[in-house]
Amino acid sequence: MTVDATLDRATHASTSRTRLFLAVGLCLLVYAVVAWLLARHQEFWSPDSSLRFVQVGAFAERGFAGGSVPYPAEALDPEGRFFPAGPWFHFAAAGRQYIAYLPYFALITAPLYRVFGFPGLLLLPLAGGAAAVGVTYVGLRRLVPEGAAWGALAVGLGTPLLVYSTVFWDHSLVTALGAGALALAAVALEAPGGPRGAPLFAAGVLLGGGLWLRNEMYPLALVAVAAWFFLAPGRRLGSTLAMATGVLAAAAPLWALNVALQGRPLGWKGQGLAIGRLGELTGTGDPRSAIDFVVSRWSNAYFQLAAPEFYAAGVPALTAGLGVAVALLAAAALLWVGVRRGTPRLVLAGALLAVGVVVWMLSSRPSVSGLLPAVPLVILAALGGRPRPWEWYLWAVVVAFVAAVVATGTHGGMQWGPRYLMPVVPALVWLAVAAVARVRWQAPQVWPAARLAAGVLLGASVLVQAAGLDRVDLEMARNVKVNEVIRGAPADVVATAHEWLAVGAGRAYFEKQLMLVDTIEELEALSRRLAERRVGRWTYIPRSGYQYRAAVVQEWTADGGWPFRVVEDRHVNSIRLVTYAGPEGR
């Protein structure tokens, strides 16, 4: 190699590093600003995050303690019957109370929270987002060099990664791990001399590492290994074993810990989900059950892929949602036809149609759920051309993973975009980048139009995420008002029949003796229990609002030695608080 060639290569590497730092730095700066703005609420967007905060707060205060959490109302309810979370979110074992989520994300976050306070909760999500952006740039530098920079920015700012990197949740971390694993596998397919075992083992370790955080990484690990076995060239058995061994190397300690802590290798919630889904898939022989299963899976497919509104209900909402999806697919068809025919106007028409649909969709300030409305730039993958081996691999993984999530996943909880599909969203963007890059060489007559269309769709996707941040900010502000009511209740003991109120009150969990009743019979049992314990005052938040008859507690406890009477009954922020006092309560 000549001196000039060596210098040229060094300059090229230096430029690449500079662009990498700029892309990651820009995204991280945006994330930091957004996180700071959202953190001003000192509140959580999702009940999932609120309950994870209970884990973090417990671990930061008293250490890991086997993953259990303290129960402030334990003296009144030692068996945990009225723990402020239902069986989906909570379980008890050996006299201890546990949040159903795996404790490892909270365990890593706890020291950050102890040192930095509330901002410490956001450091891991920020790092996960930045890592996904960096992985995208490095991977695309090997696969589609000319698209590395804009691909990295597209992943960082044009997908829901922007949202999940700026709130306390674990989705950005599994996005980074999934992206890292798929990037290693894709690059290995393009390696001179064929794939090597070490990168594939590392890919497996990343996939297995994701199992410590979220259950959707199980189907991703399975389909990534299976797709490699069927699509890899050469001695595929050895390379498949390398990837599978990496998964097991990371997963085996997890399973052992889960058994030790929760008695189940997949964890309390993960194993419950697996058993439940297996039962649904195998069926019970009841035709109605089979019909219900098919309907639920079609519904899940709609919400994961097409729905522009998470809370859509009824025929008009469903029609509008399907209309948005069909319009975006029509825009993708225009892009494809325009490239095939070499007609720039059709390419631009497809881009404009997609942008028009996005603007119309966002005009109602929805809570976007589906993949197409959440990341409209993925329709650029329809620009066509002959895919390379790494693209076939990613397509196989994405399609199989989406099918697995549709078959086994749920539709519930807060989200912006399809949060269960986040581990493969970067791969979809890479496929779009590759399709755009091909146009330059295969259809140069439409390249200016395709480049403009890509820029316009990237702008539309960024606009979608900005709307998502607006939605998150709105929900957080609403949660502040709700939890101010709970934290400001006139009694230390607070019971409610509204589970979403209870599981969303993460910060109030450590300030009040919060309890949950699910039925009127449980409310009666709790009332008698509190009377037996001679509680001076307690506040009840009914789910039924005005329909709740406050005198019923007084009737239940009138014949005992500690009758309760209503001392305050008021509404605050549309929430009814009924406060009872015993003979010595004030």
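Parameters and conventions
- Residues numbered from 1 in each chain as written.
- Predicted model: local features only at pLDDT ≥ 70, side-chain atom pairs only at ≥ 80, totals over all residues.
- Heavy atoms only, no water.
- Helix = DSSP H or I, 4+ residues; strand = E, 2+ residues; numbered from the N terminus.
- Rg over C-alpha atoms; globule rule 2.2 N^0.38 Å.
- Buried < 20%, exposed > 50% of the residue type's maximum accessible area, 1.4 Å probe, protein only.
- Contact = heavy atoms within 4.5 Å.
- Areas by Shrake-Rupley, 256 points an atom, 1.4 Å probe, with all protein chains shown as cover.
- Pairing = 2+ DSSP bridges.
- Axes fitted to C-alpha atoms, helices over the stretch in contact; angles between N-to-C directions.
- Polar contact = N/O pair within 3.5 Å; in protein donor to acceptor, adjacent residues only side chain to side chain.
- Phe/Tyr/Trp six-rings, centres within 6.5 Å; stacked < 30°, edge-to-face > 60°.
- 1 Å grid on protein atoms, 1.4 Å probe; cavity = no way out; pocket = protein on both sides within 12 Å on 5 of 7 lines; lining within 4 Å.
- Points joined across faces, edges and corners; volume = space filled by probe spheres on them.
- Nonpolar A, V, L, I, M, F, W, Y, C, P; charged D, E, K, R; others polar.
- Expected span 1.5 Å × (residues − 1).
- Arc of directions from axis to C-beta.
- Salt bridge = Lys/Arg side-chain N within 4 Å of Asp/Glu carboxyl O.

Another point: the overall build of the protein. Scanning the protein from N- to C-terminus turns up 21 helices and seven strands. In terms of overall dimensions, the protein is globule-like: its C-alpha atoms have a radius of gyration of 26 Å, near the 25 Å expected for 586 residues. The principal-axis extent of the C-alpha atoms belonging to the protein is close to 95 × 55 × 50 Å. Expressed as a percentage of its 586 residues, the buried residues of the protein come to 54%. In the protein, of all internal contacts separated by at least 6 residues, the share reaching a separation of at least 24 is 74%. Here the protein displays about 24,600 Å² of accessible surface, and carbon together with sulfur accounts for 64% of that area.

Glancing now at the sheet that holds strand S3 (residues 493-496). With respect to topology, five strands assemble into an open sheet ordered S4-S3-S5-S7-S6, the strand pairing being mixed. Two strands in the sheet have a free side with no partner beyond their single neighbour: strand S4 (513-516) and strand S6 (565-572). With strand direction ignored, the average angle separating the axes of adjacent strands in the sheet is 20 degrees. The pairing of strand S5 (residues 537-541) with strand S7 (residues 575-581) spans four bridges and is classified as antiparallel. Its bridge partner being in S7, Arg537 is matched across the sheet by Ala581.

Take the side chain of His41 next. The residue His41 is located in the loop between helix H1 (3-39) and helix H2 (47-62) in this model. Of note is the side chain of His41, whose polar atom sits 2.8 Å from the side chain of Asp473. Every residue in contact with His41, bar those within four places of it in the chain, is listed here: Asp473, Met476, Ala477 and Val480.

Take the packing of aromatic side chains next. For the coordinates displayed, the defined rule picks out 26 aromatic pairs. Ring centres 5.1 Å apart and planes at 50 degrees place the aromatic pair Tyr71 and Phe83 in the tilted group. Separated by twelve residues along the polypeptide, Tyr71 in the loop between H2 and strand S1 (90-93) and Phe83 in the loop between H2 and S1 bring together distant segments of the chain. Residue Tyr71 is classed as buried on the basis of its relative accessible area of 5%. Measuring from centroid to centroid gives 5.0 Å for Tyr104 and Trp212, while their planes differ by 70 degrees, and the two rings are edge-to-face. In this pair, Tyr104 sits in helix H3 (residues 104-116) while Trp212 sits in the loop between helix H8 (197-210) and helix H9 (217-231), placing the two residues 108 residues apart along the sequence. Residue Trp212 is classed as partly exposed on the basis of its relative accessible area, which comes to 22%. Through successive ring pairs, a cluster of aromatic residues spans Phe44, Phe53, Tyr71, Phe83, Phe105, Tyr113, Phe118, Phe168, Tyr509 and Phe510.

For the rest of this paragraph, the subject is empty space enclosed by the protein. Tallied over the full model, the rule gives two cavities of 30 Å³ or more. Empty space within the largest cavity amounts to approximately 70 Å³. Tallied by class, the residues present in the lining of the largest cavity amount to nine nonpolar, two polar and one charged. Put simply, the second largest cavity is a space of about 30 Å³. Those elements that place two or more of their residues in the lining of the second largest cavity are H2 and helix H19 (499-503). Element by element, the count of residues in the lining of the second largest cavity is highest for H2, at three residues. Residues that form the lining of the second largest cavity fall into these classes: eight nonpolar, two polar and no charged.

For the rest of this paragraph, the subject is helix H14 (residues 344-362). In a regular helix each residue adds 1.5 Å, so 19 residues correspond to 27 Å; H14 covers 27 Å between its end C-alpha atoms and thus fits that length. Taken as a whole, H14 has its buried residues at Val347, Gly350, Ala351, Ala354, Val357, Val358, Met361 and Leu362. Considered in projection along H14, the buried side chains sweep an arc of 130 degrees and stay on one side of the axis. Structural note: H14 exposes Arg345, Leu352 and Trp360 on the side pointing more than 90 degrees away from its buried face. Structurally, H14 contributes buried residues whose contacts are with helix H13 (315-341), helix H15 (371-374) and helix H18 (447-487).

This paragraph deals with the environment of Val517. Relative to the elements of secondary structure, Val517 occurs in the loop between S4 and helix H20 (520-532). Along the primary structure Val517 and Gly86 are separated by 431 residues, whereas in three dimensions their C-alpha atoms are 9.3 Å apart. Non-local contacts of Val517, meaning those with residues more than four positions away in its chain, are made with Phe82, Thr496, Ala497, Glu522, Leu523, Leu526 and Tyr540.

Below, the discussion takes up the pattern of salt bridges. Evaluated as defined, the whole model comprises 17 salt bridges. Ionic pairing is found between Glu511 and Arg487, a salt bridge with its closest N-O pair at 2.8 Å. Within this pair, whereas Glu511 is found in the loop between H19 and S4, its partner Arg487 is found in helix H18, the two being separated by 24 residues in sequence. Among the residues examined, Glu511 registers a relative accessible area of 42% and is labelled partly exposed. For Arg487, a relative accessible area of 33% corresponds to the partly exposed category. Taken together, the shared-partner salt bridges in this structure form one network comprising Arg52, Asp170, Arg214 and Glu216.

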